[in-house]
Amino acid sequence: MAALVPAVFLDRDGVIVRDSAPVSDASRVEILPGVPDALNRLHQAGYRLVVVTNQSIVARGALTESAVVDLQRHIEQRIRDAGGPALDGFYFCPHHPKANLPAYRIDCTCRKPRPGMLERATVDLGLDRSRSFMVGDRITDIEAGHRAGCRTIWVHTGAHEEARIEASDPVPAGLVADHVCQSLAEAADIILAEPAPSDPPS
């Protein structure tokens, strides 16, 4: 049986691309400074790179699920064009508890702060969440990472000052991120200061 590998789970809007509410078409995509290099360093250190993002733009009827996938392909191509690596996974939640489209108005397990996307990626990609990190710009990213058993990094490049997104689950008492920083580049520095992913757990 293959050994499980660690990952860096990444929120997209506000961490990889500028959060220009909403990120709805390729012409509005802006890769944040330092992102391709930060992703390269993490990839070279042996981390799987997995995007996990709430995309309630689908629930509102502004984009289809296939359009979200197409936009992500464009973003990933832009990262590669800038010298960054290919990403290992892309997971998105199209639901919202007050969706305009009834088909998406469900209390799902994938919408962060719930950890469903991270759990699905774990199975699909053979990940070790105990050696993984969740990097996000909202407290709900930190909640999802905490619930999934990951270490967490709160990046202050996006919507970090905005209110917690609508969720039916209460905020866990005493929830704090393991680290707080100002960019994905700084988050990579924090992660790479840890023992290498290939090192056996102590």
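Residues numbered from 1 in each chain as written. Predicted model: local features only at pLDDT ≥ 70, side-chain atom pairs only at ≥ 80, totals over all residues. Heavy atoms only, no water.

Draft legend 1. Local environment of the overall build of the protein chain. When helices and strands are tallied, the protein chain shows 5 helices and 6 strands. Its helices and strands in sequence order give the protein chain the pattern β-α-β-α-β-α-β-α-β-β-α, from N to C terminus. Compactness check: the protein chain gives a C-alpha radius of gyration of 16 Å against a globular reference of 17 Å for 202 residues, within 12% of the reference. Projected onto the principal axes, the alpha-carbon positions of the protein chain cover approximately 50 × 40 × 35 Å. Each of the 202 residues in the protein chain was classed as buried or not, and the buried ones make up 50%. Within the protein chain, residue pairs in contact and separated by at least 24 positions form 70% of the contacts whose partners lie at least 6 positions apart. For the protein chain, the exposed area adds up to about 9300 Å²; of that, 52% sits on carbon and sulfur atoms. Of the side-chain charges in the protein chain, 21 are positive and 27 negative, and the distance between the mean point of each set is 4 Å. (Helix = DSSP H or I, 4+ residues; strand = E, 2+ residues; numbered from the N terminus. Rg over C-alpha atoms; globule rule 2.2 N^0.38 Å. Buried < 20%, exposed > 50% of the residue type's maximum accessible area, 1.4 Å probe, protein only. Contact = heavy atoms within 4.5 Å. Areas by Shrake-Rupley, 256 points an atom, 1.4 Å probe, with all protein chains shown as cover. Lys, Arg positive; Asp, Glu negative; His and termini not counted. Charge placed at Lys NZ, Arg CZ, Asp CG, Glu CD.)

Draft legend 2. Spatial organisation of the sheet that holds strand β1 (residues 7-10). With parallel pairing, the 6 strands of this open sheet are ordered in space as β3-β2-β1-β4-β5-β6. Each edge of the open sheet carries a strand with a single partner, namely β3 (89-93) and β6 (179-181). On average, adjacent strands in this sheet sit at an angle of 20° to one another, irrespective of strand direction. Relative to strand β2 (residues 48-54), β1 runs parallel, the two sharing 4 bridges. Bridging across to β2, V8 finds its partner in L49. (Pairing = 2+ DSSP bridges. Axes fitted to C-alpha atoms, helices over the stretch in contact; angles between N-to-C directions.)

Draft legend 3. How the structure looks around the nonpolar core. Counting residues in hydrophobic clusters, the biggest one holds 29 residues, and the most contacted among them are L10, I16, V135 and L184. When contributions to this core are tallied by element, the ones reaching two or more residues are β1, α1 (35-44), β2, α2 (65-81), β4 (133-136), β5 (151-155) and α5 (184-192). Once residues within four sequence positions are removed from consideration, V135 is found in contact with V8, F9, L10, D11, V15, I153, V155, L184, A187 and I191. Judged by nonpolar contacts, the second largest core, of 17 residues, contains V50, L127, A144 and A148. (Core = buried A, V, L, I, M, F, W, Y, C linked by side-chain atoms within 4.5 Å.)

Draft legend 4. Local environment of the packing of aromatic side chains. By the definition in use, this model includes 2 aromatic pairs. Consider the rings of Y47 and F133, whose centres lie 6.3 Å apart with planes at 70°: the pair is edge-to-face. Of this pair, Y47 sits in the loop between α1 and β2 while F133 is found in strand β4, placing the two residues 86 residues apart along the sequence. No difference in accessibility class separates Y47 from F133, as the two residues are buried. Taking the centre distance of 5.6 Å and the plane angle of 25° together, the rings of F90 and F92 count as stacked. (Phe/Tyr/Trp six-rings, centres within 6.5 Å; stacked < 30°, edge-to-face > 60°.)

Draft legend 5. Geometry of the pattern of salt bridges. Throughout the structure, instances matching the rule amount to 12 salt bridges. Across the pair R18 and E30 runs a salt bridge, and its minimum N-O distance is 3.0 Å. Of this pair, R18 sits in the loop between β1 and α1 while E30 sits in the loop between β1 and α1, placing them 12 residues apart in sequence. Of the residues examined, E30 reaches a relative accessible area of 37% and is grouped as partly exposed. Residues D70 and R73 are paired through a salt bridge, measuring 3.2 Å at the closest nitrogen-oxygen approach. Of this pair, D70 and R73 are both found in helix α2, 3 residues apart, which corresponds to roughly one turn of the helix. Residue class for R73 comes out exposed when judged on its relative accessible area of 55%. Via salt bridges that share partners, D11, K112 and D141 belong to a single interconnected network. (Salt bridge = Lys/Arg side-chain N within 4 Å of Asp/Glu carboxyl O.)

Draft legend 6. Quick peek at the packing of α1 against α5. Orientation of α1 relative to α5, taken along the N-to-C sense of each, is 15°, at an axis distance of 8 Å. As summarised for this structure, α1 and α5 are arranged roughly parallel, according to the angle between their axes. In this structure, α1 crosses over α5, and the sense of that crossing is left-handed. Along the contact surface, α1 presents V35, A38, L39, R41 and L42, while α5 presents L184, A185, A188, D189, I191 and L192. Residues of the contact of α1 with α5, tallied by class, amount to 9 nonpolar, no polar and 2 charged. (Parallel < 35°, antiparallel > 145°, perpendicular 65-115°, else oblique. Left-handed = near helix turned anticlockwise from the far one by under 90°. Nonpolar A, V, L, I, M, F, W, Y, C, P; charged D, E, K, R; others polar.)

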